Amino acid sequence: MTDWLTFALPKGRPYKETVELLRRAEVAGPELDDEESRSLLITCPDKKVRFLIARDSDVPTYVEYGAADLGIVGKNVLMEGEPKVYELLDLNYSICRFVLAAPVGADPNRLLDGTAARRVATKYPRMTEAYFRSRGVQVETIFLHGSIEVAPKVGLADMIVDITETGRTLRENNLQVIEHLWTSSMRLIANRASYRLKADRIGPLVERLRALTAPVAQSQ
Amino acid sequence: MNLTSTRGQLPTGVRDLLPWEAAQMRRLSGRLAELFRSWGYREVVTPGFEYLETVTAGAGQLGRREDLYQFFDRKGRTLALRADMTTPIARVAATRLGSEPLPLRLSYQGPVFRRRDEKAGTAAEIWQGGIELIGASGVAADAEAVALACEALAATGLQGFKVGLGHVDFVAGIFEAARVGPELEAELKAALVARDLVAFEKAVREAGLTREEGDLLVAMATFQGDYPAAVRRFGTVPNVRVARALEQLGTILRLLAEFGVASQVALDLGLARSLDYYTGVVFEGYAPGVGAPILGGGRYDGLLADFGGDLPAIGFALEMGRLLAALERQGRMPADVDREDLIVACPPGQEVWAMAAARNARASGLAVAVDLLGRTGAELEAYARARGARRILYPDGTEQFLSTDESEAGNGTGSVRRQPPNAVTSIH
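Now for a look at the structure at hand.

Definitions and limits used
- Residues numbered from 1 in each chain as written.
- Chains lettered and ligands numbered in written order.
- Predicted model: local features only at pLDDT ≥ 70, side-chain atom pairs only at ≥ 80, totals over all residues.
- Heavy atoms only, no water.
- Helix = DSSP H or I, 4+ residues; strand = E, 2+ residues; numbered from the N terminus.
- Salt bridge = Lys/Arg side-chain N within 4 Å of Asp/Glu carboxyl O.
- Buried < 20%, exposed > 50% of the residue type's maximum accessible area, 1.4 Å probe, protein only.
- Core = buried A, V, L, I, M, F, W, Y, C linked by side-chain atoms within 4.5 Å.
- Contact = heavy atoms within 4.5 Å.
- Buried area = accessible area lost by both parts, 1.4 Å probe.
- Polar contact = N/O pair within 3.5 Å; in protein donor to acceptor, adjacent residues only side chain to side chain.
- Pairing = 2+ DSSP bridges.
- Axes fitted to C-alpha atoms, helices over the stretch in contact; angles between N-to-C directions.
- Parallel < 35°, antiparallel > 145°, perpendicular 65-115°, else oblique.
- Left-handed = near helix turned anticlockwise from the far one by under 90°.
- Nonpolar A, V, L, I, M, F, W, Y, C, P; charged D, E, K, R; others polar.

1. A few points about unusual backbone geometry
Moving on, step 1. The linkage connecting L102(B) with the following residue, P103(B), adopts the cis geometry, with an omega of -5°.
Moving on, step 2. Among the structural elements, P103(B) can be located in the loop between α3 (86–95) and β5 (104–113).
Moving on, step 3. Phi angles above zero are rare outside glycine, and N92(A) is one such case at about 55°.
Moving on, step 4. Considering the arrangement of structural elements, one finds N92(A) in the loop between β5 (86–90) and β6 (96–103).
Moving on, step 5. At S94(A), a position not held by glycine, the phi torsion is positive, near 50°.
Moving on, step 6. Relative to the assigned elements, S94(A) resides in the loop between β5 and β6.

As C-alpha cells, then:
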C-alpha cells in the first residue's frame, strides 16, 4: 500500500461538494458516490486511492497519526483542535462564519462590559476562551455538543459562539449577531510524514486542487 | 477500582518500558552506540537537570520557557529538567573539553523533558539519541552529520524513511530578496514551522508585496523537487545568502552521494525548525506511518558562544520512542528479545546442582534462569514456555526440548526428553 493514498473525508453537510471536487480533480473514481453510503471505507483501485469517511472532528486525528495521508476538513475544526498536521490548501467552499450571538434586543455593550458574570455556550470552548481572554472579558464557557442556539432561550447561557453559513438558524432562534469572529472554509491537510514520503503523488494533486478551487478574482 | 488515588497511576506524558519494550530499546540503543563509535563519536552523559539559564541558552523567543519543568535549589536558584541534549553538550564542550583536539565528536542517549498539554499520546519524557560534531564548519562536516543520520536510521532496520534537507540562510535570504519586514518575517516563520501553507500564502498576499516577491516566497514554502529544479527556480534570485546556501546544499548533496545515502535525502527548502539556534543546514527525518519527525538536526554555530567557547557545531537527535513505534509498525522488531534459552529445574535439595548447571550453561553464552519455585512436570513446562525457553534441564542430566508450536503444547505432545548430545550437564 505504500504507493496508495488514503484520504479522510468528513461526512455530513460538506460531503457532496467534497466528492464533486475530488471527482472533478480526478482524484476519485466512480466508486466514491456523492450520496453517503453505509460503507465508511471506499476504495478506488484505478486511482490507487482509499477514502475513509469520518466525523469531521475526527478527520485531523486520522491524518495526524498517519492512518490517512490527506484529509479535507473545515478550518473551524483545525482551529479548535490544533492538530499537528500540515495545512496545504484553502479549498474555498463550505464557507461559514464564526459569530458571537445573543438574543435579539440584548444590549451587546452590557453583555461585554465585564460588570456581570456572563455565560457563553459553544461547541468551540478552546477558541471561545482564547477570544474572550484576548478581549480581557471574563466569561464562563459552557461546552455543548450541539443545539447551541437553544442555550440562551432556556437560560443556560447569555451568549453563544457558533458557526453559521446563512444565519437562518440564528434568526429562527431569535438570535442576533453581535460580532463576526473568524471565517472558516474547507482545507486540505496532510500527514507530516506522508507530505515528504509521498511528495511525488501529493505535489501534483495539490496543484490540480489549487487550480479548481482558487477563488474567482474580485467576485466577493 | 479507585480512580481518585494516583498512587498506582502515572502522570500524563510518561510511560513505563516493560521488559520486552526495554529490551527493544536496549537493542536499538546498542546499535546506535556501536554505529556512533565506529564514526569516532564518544559518548557523554550530562545531568538530568541544570540551571534554568543553561537549559534556555539559545532557545530564543519561541516560548520554550513554559514548556520546562522548573524547580528551585536550596538557595532559591531556578533549576530545570533538560529539554534537549544539544544545549547541555554545548555547555560541556565549551566549558570542560577545551583541551581536547578538534573537532570534538560527541554522542549521547537519554531522556529530555518537555511539559505538554494534557493530550493523549504526547510524550513529556522523550528518549533521544544523537551526535554533536563540534569545531568543524563547512560542507564536509555538514555532510558527515547528515550521512550519519541516514546511517543511524538504516542501522535500526527502518525501511522507507526520508531525510529532508534545508538551509536557514536560504529561507532568510528569500525573505530578504522579497523585502519581508521583521513583523511579517515572524508571522511567515511561524507558518513555515507549522507548515501552515494556507496561512503563509494568505500573509504573503496581504502584505502588499509585488506579485513576483509573493510568488518567490510561496515557491520556497511549497518547493518539491531535486537540486537542478531548485537551481532553475532560485538560482537567479539576486541575493548572496540564497546563492551561497544553494551552492552549499549542492556540494553537500554531492558528498552525500559519496556516502551512499543520496537516495534517502530530499531537498526541503521550506524546512524551518522550531528551535531558534540553527544557523546553517537543517534536516528532519520521516518514516511511513509516524506523523512526527523521527529525527531532527542542524548547524548551530552560535550556541557555544553562549557558554564562552566560540566554536561552530552541527548535530542531530533521533526520537527513540517514535523510532521504536515505526519499527514495530514495519514488523522489524524481533519478538523474542527478552526470552531465556534454558530453564534449569530446581526441585528441593538440588540447589547446588542447579546453580552449578546454570553457571556452566551461562558460560557457553546462553540466557539461563533457575526455577526457584521448585516446580515439576506440566507446571515447570508451562513456566518455561511462558518465558520463551525451548529447553529445560533436569537434575538427572536429561534435557527436555519444547516445541515452539502453541497448538501442540496444549495436548502435551509438544516436547521430547532425552540425553543431551553435548555435556552442559556433566558437572560431576
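2. Re the pattern of salt bridges
Residue and element names in this part refer to chain A.
Moving on, step 1. Following the criterion strictly, the structure yields 35 salt bridges over all chains and no others.
Moving on, step 2. R210 serves as the salt-bridge partner of E207, at 3.4 Å between the closest nitrogen and oxygen. With a gap of three residues between them, E207 and R210 both fall in helix α8 (residues 199–213), about one helical turn apart.
Moving on, step 3. The class for E207 is partly exposed, based on a relative accessible area of 42%.

3. Comments concerning the nonpolar core
Moving on, step 1. Among the nonpolar cores identified, the biggest contains 109 residues, and F7(A), F51(A), L88(A) and F234(B) are the most heavily contacted of them.
Moving on, step 2. Looking at which element gives the most residues to this core, the answer is helix α4 (residues 139–155) of chain B, with ten residues.
Moving on, step 3. Not counting the four nearest positions on each side in its chain, F51(A) is found in contact with F7(A), L9(A), L22(A), V27(A), A28(A), L32(A), L40(A), L41(A), I42(A) and C44(A).

4. Considering the interface of chain B and chain A
Moving on, step 1. Taken together, the contact between chain B and chain A spans 26 residues of the former and 23 residues of the latter.
Moving on, step 2. For the pair chain B and chain A, the two sides together bury roughly 1,800 Å², of which 47% comes from carbon and sulfur.
Moving on, step 3. Joining chain B to chain A, the criterion identifies four salt bridges.
Moving on, step 4. As a salt-bridge pair, K75(A) and D196(B) come within 3.8 Å of each other at their nearest N and O atoms.
Moving on, step 5. Where chain B packs against chain A, one counts eight residue pairs in polar contact (both at pLDDT 80 or more).
Moving on, step 6. For the side of chain B that touches chain A, the secondary structure elements donating two or more residues are α7 (197–205), α8 (211–222) and β9 (281–286) of chain B.
Moving on, step 7. The element best represented in the side of chain B that touches chain A is α7(B), accounting for three residues.

5. A few points about the pairing of strand β15 (residues 399–402) of chain B
Regular strands place side chains that alternate from one sheet face to the opposite one.
Residues and elements named next belong to chain B.
Moving on, step 1. For strand β14 (residues 391–393) and β15, the ladder comprises three bridges, and the chain directions are antiparallel. Across the sheet, the residue bridging to R391 is F401, located in β15.
Moving on, step 2. Turn length for the β14-β15 hairpin, with the two strands adjacent in sequence and antiparallel, is five residues, and the turn residue G397 shows positive phi of about 90°.

6. Section: the packing of helix α6 (residues 182–193) of chain B against α7(B)
Residue and element names in this part refer to chain B.
Moving on, step 1. Contact geometry of α6 with α7 gives a least axis separation of 8 Å together with a crossing angle of 160°. The pairing of α6 with α7 is recorded here as roughly antiparallel in orientation. For the crossing formed where α6 meets α7, the hand is left-handed. In contact with L184, E187, L188, A191 and L192 of α6, α7 contributes A199, F200, A203 and V204.
Moving on, step 2. Grouping the constituent residues of the contact of α6 with α7 by class yields eight nonpolar, no polar and one charged.

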